[in-house]
Amino acid sequence: MSTVISGFRQMPSQFVDSLDSDPVSDESLLEAIAEGQTRAFELLYDRYSPRLFGLALKILQNQSLAEDVIQEVFVSIWQKARRYQKGRGAPAAWLLTLCRNRSIDLLRSQASRNRRTVDMADDIQERLQAVAQNDPLTAVDAGQQAENIRTAMAQLPDEQRQIIEMSYFKGLSQTEIAADLQLPLGTVKTRTRLGMEKLRRILRITDGDSVG
Amino acid sequence: MDKDRLKELAAGYSLGALSESDHKAFDQLLRAGDEEALEALSEMMVVAEQLPSLADPVPPPPALKSRILNEINADQAPARQNVTEMPTAQPIEGASRTWLWALAAAALILACGWALHVRSLQQQVDMLAAQNEINAGQIEQLRQELARREQTILTMSGDNTTVIAMAPQAVDPDARGQLFFDADRNRAVFFSSGLPDIDENKVYQMWMLRGAEAISAGLIAEEKDGEFSIEFDTLPDDDGLTAFAVSLEPQGGVPSPTGDIYLVGVVPSE
């Protein structure tokens, strides 16, 4: 006979167990959210809303629109937490991608441009994750990551940094960037590749320093 | 495909910046399971996933959290219809050992839930304090709430706390609730999400029963839609306390019960 009172939802056992080993992992929070735990949802919100809101603000440059995005993203997390699968990447990356994609969609809809965000098919995402799991850069914690990426971006030549920022934070396609900067499309593609490769090299060195 | 060309496509793809035709071409390679394409993309994605960290974290306005919580609470309402059955009215001392263990487990789960809630409130307090625009009244309100929740946890997790299932009565067999009675501290806390909606001119009232005497423990507040709770001091001398009961009374409460009794929980004998 069950004695559970309705309205007071149970937590997954691993979630309860993890209370003794602070902090509760993101994965456990998402599992609890998938089971309808509003407390877990609040914890996830407190943990990530400043990063997501900062990202949405940087992309949209508008407080009200950024709030709308955060509301959409977190309601979506509440409704779709079951869709998050372990082994498909860090929850933080998933949340930030949701936030970035929704912000770019909104930005582009305001500018009457077509949608162009990275929505990968599930099978590609899974294979990609299998390849990425051995990458040392995936193991860097968020605080260190922020410092590393800032340092790395500061070392890029201006023309490469500018193109990467226009792509990522303004949601512009390479064709649009070429038109904006009055550059040949091939130059934009090459600078994107060189910039991303250089970032990777610097991050690997920095990561090696920070991880030891 | 030329390696540089492959990396160009992977870099643009990871940033969501490829033209339609380039995107399609690279997507086909990925779908075909091209190992080099996957590896190139993986290398670029790891970098692209770090780019959000270039944005400084900014705490969103506190009101946003309330807005979101309101929306998800409205969203989860249908799920509440899937509830478990409460036991029929009977004294605790007649229950099986399994039943008692299950009650203890439920108590532990509830206590953990409250602990998480307290932690969440603490985080909110810290965040609010860090914001210049925060209103000092809000901080004080949260602190009081935090202190109240901590008191609730103490009551729920006391060494001598008894968990009492509040059994439904004939007026509403679906009503349900649970009461934590800490005899050491003479304190009790009651929760229910199964009491029916009531008119504005009515209120649920908690009673402590000592023999034939009913002593009011206070009016039960509705915390949010359909969820009721009350925390109260029990009698200084609880020797004669036999049961707790919930009745429906006129707004403002009454000195003695006059309305229908919805829930009764028997205090187990020593």
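I'd love a proper account of the environment of Leu185(A), names of residues and values included.
All names here are of chain A. Within the secondary structure layout, Leu185 lies in helix H10 (residues 185-211). On the basis of relative accessibility, which here comes to 31%, the residue Leu185 falls in the partly exposed class. For the pair Leu185 and Thr175, spaced 10 residues apart in the sequence, the C-alpha separation amounts to 6.2 Å.

Quick one: what's the story with unusual backbone geometry, residue by residue and with numbers?
In the Ramachandran plot, Gln182(A) falls in the positive-phi region, its phi being about 55° despite a non-glycine side chain. Turning to its location among the elements, Gln182(A) is positioned in the loop between helix H9 (174-181) and H10. Its identity as a non-glycine residue notwithstanding, Asn186(B) has a phi of 50°, on the positive side. Considering the arrangement of structural elements, one finds Asn186(B) in the loop between strand S2 (177-182) and strand S3 (187-192). On the basis of relative accessible area, Asn186(B) is assigned to the buried category, the value being 18%.

Report on the pairing of strand S7 (residues 227-233) of chain B, specifying residues and quantitative values.
All names here are of chain B. Among the 7 residues that make up S7, 6 are buried, leaving the element largely enclosed by the rest of the structure. Where S3 lies against S7, 6 bridges are found, and the strand directions are antiparallel. Residue pairing across strands places Phe190 opposite Ile230, the latter belonging to S7. Hairpin connection from strand S6 (residues 221-224) to S7: 2 residues lie between these consecutive antiparallel strands, with Gly226 at a positive phi of about 80°.

Break down the sheet that holds S6(B) for me, with residues and values.
All names here are of chain B. The strand order S5-S4-S8-S9-S1-S2-S3-S7-S6 describes an open sheet built from 9 strands, whose pairing is antiparallel. Strands with a single pairing partner mark the edges of an open sheet, and in this sheet they are strand S5 (213-219) and S6. Put simply, the sheet's adjacent strands are angled 25° from each other on average, direction ignored. Note: strand S1 (residues 161-168) against strand S9 (residues 261-266), 2 bridges, orientation antiparallel. Among the inter-strand pairings, Ala167 is bridged to a residue of S9, identified as Val264.

Describe the pattern of salt bridges, and please don't skip the residues or the numbers.
Across all of its chains, the model carries 19 salt bridges over all chains by this definition. Residue Arg39(A) pairs with Glu42(A) through a salt bridge whose shortest N-O separation is 3.8 Å. Here the residue Arg39(A) and the residue Glu42(A) both occupy positions in helix H3 (residues 38-60), the gap between them amounting to 3 residues, near one helical turn. Overall, Glu42(A) belongs to the buried group, its relative accessible area being 6%. What you see here is one network of salt bridges that share partners, running through Arg39(A), Glu42(A), Asp46(A) and Lys65(B).

I'd like a rundown of helix H3 (residues 35-48) of chain B, residues and numbers included.
Residues and elements named next belong to chain B. In this model, H3 (14 residues) spans 20 Å end to end at C-alpha, consistent with the 20 Å of a helix rising 1.5 Å per residue. For H3, the buried fraction is high: 10 of the 14 residues fall into the buried class. The distance from a side-chain oxygen at the start of H3 to the backbone nitrogen of Glu36 is 3.0 Å, and the residue carrying that oxygen is Asp34.

Can you break down the packing of aromatic side chains residue by residue, with the values?
A complete count under the given rule lists 10 aromatic pairs over all chains for this structure. Centroid distance Tyr168(A) to Phe169(A): 5.1 Å. Interplanar angle 80°. Geometry classified as edge-to-face. An identical accessibility class is assigned to Tyr168(A) and Phe169(A); each is buried. Between the aromatic rings of Tyr13(B) and Phe26(B), the centroid separation amounts to 5.2 Å while the plane-to-plane angle is 55°, which identifies the pairing as tilted.

Now, about the nonpolar core: what can you tell me, with residues and values included?
If you look at the biggest cluster of nonpolar residues, it comprises 72 residues, and the most contacted ones within it are Ile70(A), Leu199(A), Phe26(B) and Leu51(B). Here this core takes 13 residues from H3(A), the largest share from any one element. Ignoring any residue separated from it by four or fewer positions in sequence, one finds Ile70(A) in contact with Tyr45(A), Leu52(A), Phe53(A), Ala56(A), Cys99(A), Leu64(B) and Ile68(B). Met166(B), Phe228(B), Val246(B) and Val267(B) belong to the second-largest nonpolar core, a separate cluster that totals 25 residues.

How would you sum up the confidence of the model for chain A? Please name residues and give values.
All names here are of chain A. Confidence in the prediction for chain A averages 77 pLDDT; 67% of positions are at 70 or higher. No element of chain A has a lower mean pLDDT than helix H1 (residues 13-17), which averages 38, and none a higher one than helix H8 (residues 158-170), which averages 94. In the model, residues 1-22 has pLDDT below 50 throughout and makes 58 contacts with residues more than four positions away in sequence or in other chains.

Calculation notes
Residues numbered from 1 in each chain as written. Chains lettered and ligands numbered in written order. Predicted model: local features only at pLDDT ≥ 70, side-chain atom pairs only at ≥ 80, totals over all residues. Heavy atoms only, no water. Helix = DSSP H or I, 4+ residues; strand = E, 2+ residues; numbered from the N terminus. Buried < 20%, exposed > 50% of the residue type's maximum accessible area, 1.4 Å probe, protein only. Pairing = 2+ DSSP bridges. Axes fitted to C-alpha atoms, helices over the stretch in contact; angles between N-to-C directions. Salt bridge = Lys/Arg side-chain N within 4 Å of Asp/Glu carboxyl O. Expected span 1.5 Å × (residues − 1). Polar contact = N/O pair within 3.5 Å; in protein donor to acceptor, adjacent residues only side chain to side chain. Phe/Tyr/Trp six-rings, centres within 6.5 Å; stacked < 30°, edge-to-face > 60°. Core = buried A, V, L, I, M, F, W, Y, C linked by side-chain atoms within 4.5 Å. Contact = heavy atoms within 4.5 Å. pLDDT = per-residue confidence, 0-100.

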